[in-house]
Amino acid sequence: MAREFFCAGSGGPEPYTGKDMLTAHKGMNISEQEYLAAMDDIIGAMDKHGLDQDTRKDVIAILYSLKGEIIRV
Ligand code: HEM
């Protein structure tokens, strides 16, 4: 589901069929630290797979924009 989310978000062609981020994380009481740990893992995966700098920046900006739908919702 997360893979589909990233694929759809980065231009497709497949659609994302999962929950929106607020619904998916509601009631989990996710902290800022946990959110940053997830960010770290995603950045690590991008490094590992040699994604270019522009793509990394785009992904980080999108993840950052989702913060309010994930932390303590
Ligand atoms: C930028 C950070 C994150 C992104 C982009 C993200 C993205 C997603 C996506 C796409 C799903 C699938 C939703 C679905 O099944 O329809 C999901 C589910 C989930 N996420 Fe996250 N997530 C993030 C951070 C976190 C963090 C920090 C935690 C916990 C510490 C977390 C815990 C979970 C759990 C437990 C589910 C399963 C929910 C379910 O099956 O109902 N996520 N997330």
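This structure is a prediction, so every number in the text was calculated from the model and none was measured.

Quick look at the overall build of the protein chain
Right, on to step 1. Across its full length, the protein chain carries four helices and zero strands.
Right, on to step 2. Going from N to C terminus, the protein chain has its helices and strands arranged as α-α-α-α.
Right, on to step 3. Along the three orthogonal principal directions, the C-alpha set of the protein chain runs to about 35 × 25 × 15 Å.
Right, on to step 4. By residue count, 0% of the 73 residues in the protein chain fall in the buried class.
Right, on to step 5. For the protein chain, restricting intrachain contacts to residue pairs at least 6 apart in sequence, the fraction spanning at least 24 positions comes to 53%.

Some words on the site of the ligand
Right, on to step 1. Taken together, 16 residues lie near the ligand, and Met1, Phe5, Gly18, Lys19 and Ala24 sit nearest.
Right, on to step 2. Those elements giving two or more residues to the shell around the ligand turn out to be helix 1 (2-9), helix 2 (21-25) and helix 3 (32-48).
Right, on to step 3. Broken down by element, the shell around the ligand gets its largest block of residues, four residues, from helix 3.
Right, on to step 4. The class makeup of the residues in the shell around the ligand is twelve nonpolar, two polar and two charged.

Calculation rules
- Residues numbered from 1 in each chain as written.
- Predicted model: local features only at pLDDT ≥ 70, side-chain atom pairs only at ≥ 80, totals over all residues.
- Helix = DSSP H or I, 4+ residues; strand = E, 2+ residues; numbered from the N terminus.
- Buried ≥ 20, exposed ≤ 12 C-beta atoms within 10 Å, placed from the backbone.
- Contact = placed C-beta atoms within 7 Å.
- Near = placed C-beta within 6 Å.
- Nonpolar A, V, L, I, M, F, W, Y, C, P; charged D, E, K, R; others polar.

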